Amino acid sequence: MDDNTHDTIEFLIRRYRLHERVPVSLDSLLDRFTVRRYPFTPLTLGFAVVRPREIHIGINETLSTAWQRAAEGHEVGHIIAYHPHRLYTCQPGEWFRDPYEHEAQLGAALLLVPLSAVRTYGDEFTAAELATLLNVPVGLVDMRWSFAQVSGEL
Amino acid sequence: MIGQLVRRQREERGLSQEELALTAQVSSGYLSKLERGLAQPSAAVLQRLAGALAVPLADLYTAAGLGHLLTVREPDLDPALELYVHQIDSLPQHDRTIIIGVLQRILADERAHVGTTANTSPDQGPPGLF
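What you are looking at is a predicted structure, and each value in this text was computed from that prediction instead of being measured.

A.B. asks: Any chance you could break down the overall build of chain B for me, citing the residues and the numbers?
C.D. replies: The number of helices and strands found in chain B is seven helices and zero strands. Secondary structure of chain B in N-to-C order comes out as α-α-α-α-α-α-α. The buried share of chain B, reckoned over its 130 residues, is 39%. The contacts in chain B between residues at least 6 apart in sequence include a share of 45% that link residues at least 24 apart. Carbon and sulfur atoms make up 55% of the accessible area of chain B, which totals about 7,100 Å².

Below you can see the structure in the form of structure tokens.
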């Protein structure tokens, strides 16, 4: 992940005290955007479009709550990282293949999975248990844990 | 036809069935059947194959007899949307329609405020984002 993006995410977590409670609420960030639910097919988790007067985030309303939260975090991740496109679409598994999608998904993991929770992984909770506590997909917990390992946080 | 196209594209790239299957997140057995015309891929599988082979999704859709699912450019599409539409080419038509509707509404709102956005460009987000 780009250092600037990581620093921005850390700043936002501190500024809005995002990790003081779990499950993490992104409402203080999402309040700046227009966020709507849409009946997408399973092939689209969400999208975000950045325009001068509005940043619009659309989330697939047919997803589970955990996946909707992950999709919100993902789109916010794109916006924070100032990725070059002005329209972002989130499709399942794209973050395994596309570097911008991977960075956005990592942004979601950093926002929604506190490091303090990751530190309990293995000793107190399994990844699945953490995912339930945090109301996120288990893949997001894994992603956050992997990042913590690679970055030296753990 | 889709099987032949996938096999040809795979061989041109020097990929084994196992390598392509791994990248496209399908089983080798399924890929083998697909290439032999014994399996009809879903839209999701076509999307992953297009990504793994780096070929236009539309080509695979057409070869698979699913060309009717491809969206011909919507008539009278606002030229301002052309910037975005190619980015959602790989989405199902149902999802494209939703997103294009949102984009059209946003553009209509912007036009209603022409003159007040003179100092911002389409490539900039709202000031003071965070």
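A.B. asks: Describe in detail the sheet that holds strand β3 (residues 55-60) of chain A, supporting the description with residues and values.
C.D. replies: Working definition: the strands of a sheet are paired by backbone hydrogen bonds and lie parallel or antiparallel to each other. All names here are of chain A. As summarised here, the arrangement of the four strands in space is β1-β3-β2-β4, forming an open sheet in which the pairing is mixed. Each edge of the open sheet is held by one strand with a lone partner, namely β1 (34-38) and β4 (87-90). Between one strand and the next, the sheet's axes are offset by a mean angle of 15 degrees, whatever the strand orientation. The strands touched by helix α3 (residues 65-81) are β1, β2 (46-50), β3 and β4; relative to β3, the strand with the most contacts, the crossing angle is about 150 degrees.

A.B. asks: Describe the interface of chain A and chain B, naming the residues involved and giving the relevant values.
C.D. replies: The interface of chain A with chain B comprises 30 residues on the first partner and 34 residues on the second. Between chain A and chain B, roughly 3,000 Å² of surface is buried when both sides are summed, and carbon and sulfur atoms account for 64% of that area. Counting every contact that joins chain A to chain B gives two salt bridges. At the boundary of chain A and chain B, one finds six residue pairs in polar contact (both at pLDDT 80 or more).

A.B. asks: Break down helix α3 (residues 28-35) of chain B for me, citing the residues and quoting the values.
C.D. replies: Turn by turn, an α-helix covers 3.6 residues, leaving residues three or four places apart pointing in a common direction. Residues and elements named next belong to chain B. Within the span of α3, buried status applies to Leu31, Ser32, Leu34 and Glu35. Buried residues along α3 cover an arc of 160 degrees about the axis, so they all sit on one side. On its buried face, α3 is in contact with α1 (2-12), α2 (17-24) and α4 (43-53). Looking one or two places after α3, you find Gly37, whose phi comes out positive at around 80 degrees.

A.B. asks: Tell me what's going on with the nonpolar core, and back it up with residues and numbers.
C.D. replies: If you look at the biggest cluster of nonpolar residues, it comprises 45 residues, and the most contacted ones within it are Leu18, Leu26, Leu29, Ile57, Val76, Ile79 and Leu111 of chain A. Here this core takes six residues from helix α4 (residues 99-112) of chain A, the largest share from any one element. Ignoring sequence-local partners within four residues, the contact set of Ile57 of chain A consists of Leu30, Phe33, Thr34, Val35, Arg36, Phe47, Ala48, Glu75, Val76 and Ile79 of chain A. Residues Val45, Leu57, Tyr61 and Ala63 of chain B belong to the second largest nonpolar core, which totals 22 residues.

A.B. asks: An account of the pairing of β2 of chain A is needed here, citing residue identities and associated values.
C.D. replies: All names here are of chain A. Taking burial as the measure, the five residues of β2 include five buried ones, the bulk of the element. Burial along β2 is two-sided: the residues Gly46, Ala48 and Val50 and Phe47 and Val49 are all buried. Pairing analysis gives five bridges linking β2 to β3, with the strands arranged antiparallel. The partner of Val49 across the bridge, within β3, is His56. Linking two consecutive strands that pair antiparallel, namely β2 and β3, is a turn of four residues. Of the strand pairs in this sheet, β2 and β4 are connected by four bridges, and their pairing is antiparallel. Its bridge partner being in β4, Phe47 is matched across the sheet by Thr89.

A.B. asks: Hey, could you go over the side chain of Glu72 of chain A for me, with residue numbers and the actual values?
C.D. replies: The residue Glu72 of chain A is located in helix α3 in this model. Residue contacts for Glu72 of chain A: discarding those within four places in its chain leaves Leu26, Leu30, Val35, Arg37 and Ile59 of chain A.

Conventions and cut-offs
Residues numbered from 1 in each chain as written. Chains lettered and ligands numbered in written order. Predicted model: local features only at pLDDT ≥ 70, side-chain atom pairs only at ≥ 80, totals over all residues. Heavy atoms only, no water. Helix = DSSP H or I, 4+ residues; strand = E, 2+ residues; numbered from the N terminus. Buried < 20%, exposed > 50% of the residue type's maximum accessible area, 1.4 Å probe, protein only. Contact = heavy atoms within 4.5 Å. Areas by Shrake-Rupley, 256 points an atom, 1.4 Å probe, with all protein chains shown as cover. Pairing = 2+ DSSP bridges. Axes fitted to C-alpha atoms, helices over the stretch in contact; angles between N-to-C directions. Buried area = accessible area lost by both parts, 1.4 Å probe. Salt bridge = Lys/Arg side-chain N within 4 Å of Asp/Glu carboxyl O. Polar contact = N/O pair within 3.5 Å; in protein donor to acceptor, adjacent residues only side chain to side chain. Arc of directions from axis to C-beta. Core = buried A, V, L, I, M, F, W, Y, C linked by side-chain atoms within 4.5 Å.

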